[in-house]
Amino acid sequence: MLEIRDLHATVADKPILKGLNLTVNPGEVHAIMGPNGSGKSTLANVLAGRDNYAITGGEALFEGKSLAKQEPEERAQAGLFLAFQYPVEIPGVSNMEFLKAALESVRGAQGKEEWDSVTLLRQARAACKQVNLDASFLKRGVNEGFSGGEKKRNEIMQMLLMEPKLALLDETDSGLDIDALQTVAKGVNSLRSPERGIVLVTHYQRLLDYIVPDFVHVLSNGQIIKSGGKELAHELEEKGYGWLTGEEESA
Amino acid sequence: MSQAELDKLIRSNYEAGFTTTVDTETLPPGLSEEVIRFLSAKKGEPEWMLEWRLDSYHKWLEMTPPDWAHLHHPPIDVNEVSFYSKPKSLDDAPKSLDEVDPELLATYEKLGIPLHEQEMLAGVAVDVVFDSSSVFTTFKEKLWEAGVIFCSISEAIQEYPELIQKYMGSVVPKGDNFYAALNSAVFSDGSFVYIPKGVRCPMELSTYFRINEANTGQFERTLIIADEGSYVSYLEGCTAPQRDENQLHAAVVELVAMPGAEIKYSTVQNWYPGDENGKGGIYNFVTKRGVAHDNSKISWTQVETGSAITWKYPSVILRGDNSIGEFYSVALTRHMQQADTGTKMIHLGKNTKSTIISKGISAGRSSNSYRGLVRISPRAENARNFTQCDSLLLGDTCGAHTFPYIESKNPSATIEHEATTSKVSDDQMFLCRQRGIDPEKAVSMIVNGFCKEVFKELPMEFAVEAGKLLEVSLEGAVG
Ligand SMILES: Nc1ncnc2c1ncn2[C@@H]1O[C@H](COP(=O)(O)OP(=O)(O)O)[C@@H](O)[C@H]1O
Ligand SMILES: [Mg+2]
């Protein structure tokens, strides 16, 4: 469902991704690991279509269509979801209002049946419960005054409702205590299905104890320098990134 | 989001910009004693009213327009303004809706103001002022039963001269300022409300103003008296057709809250703001003020998206002990619009309390200023004020300014002031768009969220309308 070939991308005209290749098939869970500043968030943002993140070479296809030509909202409507590393606050816009607008657009575009407000509220409450957020969070402004952990759980709550085809999670584990981490992992695992692709961007292997990936990739200096199975994550845990990135430098 | 995209978003059409073809009787432009005499005679006013107008006129002749506001416009030449325009068919005031000119009714229907009683939003009485004349007041009888007087100011001059003579000019004196003096000399029509002692007005009262005729000024005058222990909620809405010339609007609103009374005054104003290049639009110079006696409360809520120029400071004189004044405002400017608006809270009584929440949204090449005065007089023991003043910028070619003045002459006063300036951030836009929400909807959602604290002060139907108005004002060619 996601085909990335020799992708080059810039952030504010600065080259960050330098020939990245990655294929994600339906049903697969991929983990992308790598040191800080290696370009993990850049990849996620390029795929989701953030302003200032430009594809300068290669291609990224989602469901056979080039992402480069699509507006961010079109990508979302096509089923691409990004759980943000730093979810932003939108004061005064209630979570519920926000979800309503999002679901109307995305479900509409996907030809799914429209949820009336009663259904929407029921579904939203269930999703909150799944990530251990009190239903009162639905009435609050989007991320407004939420703690770091609450923001992350709020992202997963939205993801559960939006039922994306491809979910990109950018460091969803960072800043979570062990209980919250397990809650989030449970939420993500509940979305695992043969039709859905999941890409976990993470700095630590900790999350991967709970969401066991099919593939692990190491990103360094804008390229995937090593791929493997879940055991690669453990190896990284033991040895750190140095042996790989160092190897890369001397090669 | 780029500046070009933002610009596109805020370039929208003015939905109320049509004109109505009605046969009118319009006075040639210019102002003189003769014009005032003509006006007064036309309305069959008593001698004292004419004297009052002429006295105002003479005061006005001595005055100059205020120049302290953060506004730039060519001098206003009153000799180009017509001070009287009236649809001819209103000459014999309609007794029922059936007698109202169908063209006029159609105009209001187009504006979404349902005049037919059966179509009315339950419990809203509407007084419609079309150019200078009051068209019809609905629900008069129901109000009459409750002892509430709700009629045009012209009618009140005839029917309730004692009340008019006692209260008109008691809050905004004839010579208060240039525009108020002008209004006092030439005011055309407007609404009058009296709520008797202890009566809770059984419905929201509403006036809908519309400027139709080219080159006419609209000088309406509203007087609301809430007698002891009474309550009234009053809504005012305004639109004007799209015209290339600037039209002058100089209104005066006076509120009197007797001991224990409460007046809630809400305005949704979308006078034509002019086009992208600043051509046309209403010049809106308004004096709104209320006096709050012991234990009474006055709150002003305004949502302003229109007018080329807005000069407006709805104020409360907290005369009585324990009185409360509130000001909740949303002012949106785009294109070349200029707004200098805010409030004055004058604390005279003990334990008086005021709250000011101002939300300014600027887009395009507009300029949006908040100007507020909080004055605590020496005998106002334990006065409290809270002011919050937030500006939201859409793009970087617009300006937001804040001019808060605080004069405290009593050390027991508690005054808090908070101010913020923010932008619709790229991160917020991206979060919305990543969730499938198109940019147009995203901006309107974010702006609405920014205004929430003010919208929640509006009566329900008005809050919905205000939200829609913002959406329309921000609508563009995207999608
Ligand atoms: N807005 C930006 N402007 C300029 N450089 C940026 C911007 N965002 C990220 N970068 C740079 O891009 C590189 C990759 O960053 P990022 O993708 O956030 O890394 P990671 O998520 O792997 O920690 C870093 O060198 C970072 O400084
Ligand atoms: Mg990152």
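Residues numbered from 1 in each chain as written. Chains lettered and ligands numbered in written order. Predicted model: local features only at pLDDT ≥ 70, side-chain atom pairs only at ≥ 80, totals over all residues. Heavy atoms only, no water.

K.L.:
Help me out: how do you make sense of the pairing of strand 20 (residues 367-376) of chain B in this one?
P.N.:
Looking along a regular strand, one sees the side chains alternate between the two faces of the sheet. Residues and elements named next belong to chain B. The element strand 20 is largely enclosed, with a buried count of nine among its ten residues. By the bridge criterion, ten bridges tie strand 18 (residues 338-347) to strand 20 in an arrangement that is parallel. For Ala339, the partnering residue across the bridge sits in strand 20 and is Asn368. In this structure, strand 20 lies alongside strand 22 (residues 399-408), joined through ten bridges in parallel fashion. Residue pairing for strand 22: Val374 is matched across the bridge by Ile406. (Buried < 20%, exposed > 50% of the residue type's maximum accessible area, 1.4 Å probe, protein only. Helix = DSSP H or I, 4+ residues; strand = E, 2+ residues; numbered from the N terminus. Pairing = 2+ DSSP bridges.)

K.L.:
Please clarify how the pattern of salt bridges should be interpreted in this entry.
P.N.:
A pair can form between side chains of opposite charge whenever their charged atoms are brought close. The final tally for this structure, using the stated rule, is 29 salt bridges over all chains. Residue Lys359 of chain B pairs with Asp390 of chain B through a salt bridge whose shortest N-O separation is 2.9 Å. Pair noted here: Lys359 of chain B is in strand 19 (residues 353-362) and Asp390 of chain B is in strand 21 (residues 384-393), with a separation of 31 residues, a long-range link. Taken individually, Lys359 of chain B and Asp390 of chain B each receive the classification buried, so the pair is uniform in this respect. Three or more residues are tied together by salt bridges with common partners; here these are Glu3, Arg5 and Glu59 of chain A. (Salt bridge = Lys/Arg side-chain N within 4 Å of Asp/Glu carboxyl O.)

K.L.:
Would you explain unusual backbone geometry in this entry?
P.N.:
Residue and element names in this part refer to chain A. The phi dihedral of Glu63 is positive, around 50°, even though this residue is not glycine. In this structure, Asn143 takes a positive phi of about 60° despite not being glycine. Summarising the element assignment, Asn143 is placed in the loop between strand 8 (141-142) and helix 5 (148-162). By relative accessible area, which is 0% here, Asn143 ends up buried.

K.L.:
Just to check I follow, could you spell out the coordination of the magnesium ion (ligand 2) for this structure?
P.N.:
Four donors placed tetrahedrally about a metal ideally form angles of 109.5 degrees, and six donors placed octahedrally ideally form angles of 90 or 180 degrees. Residue and element names in this part refer to chain A. Looking at the metal site, the magnesium ion (ligand 2) is ligated by Ser41 (OG) and Gln85 (OE1), spaced 2.1 to 2.4 Å from it. On the criterion of sequence distance, the pair formed by Ser41 in helix 1 (residues 40-48) and Gln85 in the loop between strand 6 (80-83) and strand 7 (90-94) is long-range, its members being 44 residues apart. With relative accessibility at 22%, the residue Ser41 sits in the partly exposed group. Owing to a relative accessible area of 15%, Gln85 belongs among the buried residues under this scheme. (Donors = N, O, S within 2.8 Å, 3.2 Å for Na, K, Ca; no water.)

K.L.:
In this structure, what is going on with the interface of chain B and chain A? I would like to understand it.
P.N.:
The parts lose accessible area when they come together, and the size of an interface is often stated as this lost area. Each partner contributes to the interface: chain B provides 21 residues, whereas chain A provides 32 residues. Both faces combined, the contact of chain B with chain A buries some 2,100 Å², and carbon together with sulfur accounts for 61% of it. Considering only the surface of chain B that becomes buried against chain A, Phe430, Gln434 and Arg435 of chain B emerge as the three largest contributors, covering 36% of it. Put simply, chain B and chain A have five salt bridges between them. Arg433 of chain B is the salt-bridge partner of Glu73 of chain A, the closest N and O atoms lying 2.7 Å from each other. Our count for the chain B to chain A interface comes out at twelve residue pairs in polar contact (both at pLDDT 80 or more). Secondary-structure elements contributing two or more residues to the side of chain B that touches chain A are helix 9 (426-434) and helix 10 (439-455) of chain B. Of the residues contributing to the side of chain B that touches chain A, the split by class is nine nonpolar, six polar and six charged. (Contact = heavy atoms within 4.5 Å. Buried area = accessible area lost by both parts, 1.4 Å probe. Polar contact = N/O pair within 3.5 Å; in protein donor to acceptor, adjacent residues only side chain to side chain. Nonpolar A, V, L, I, M, F, W, Y, C, P; charged D, E, K, R; others polar.)

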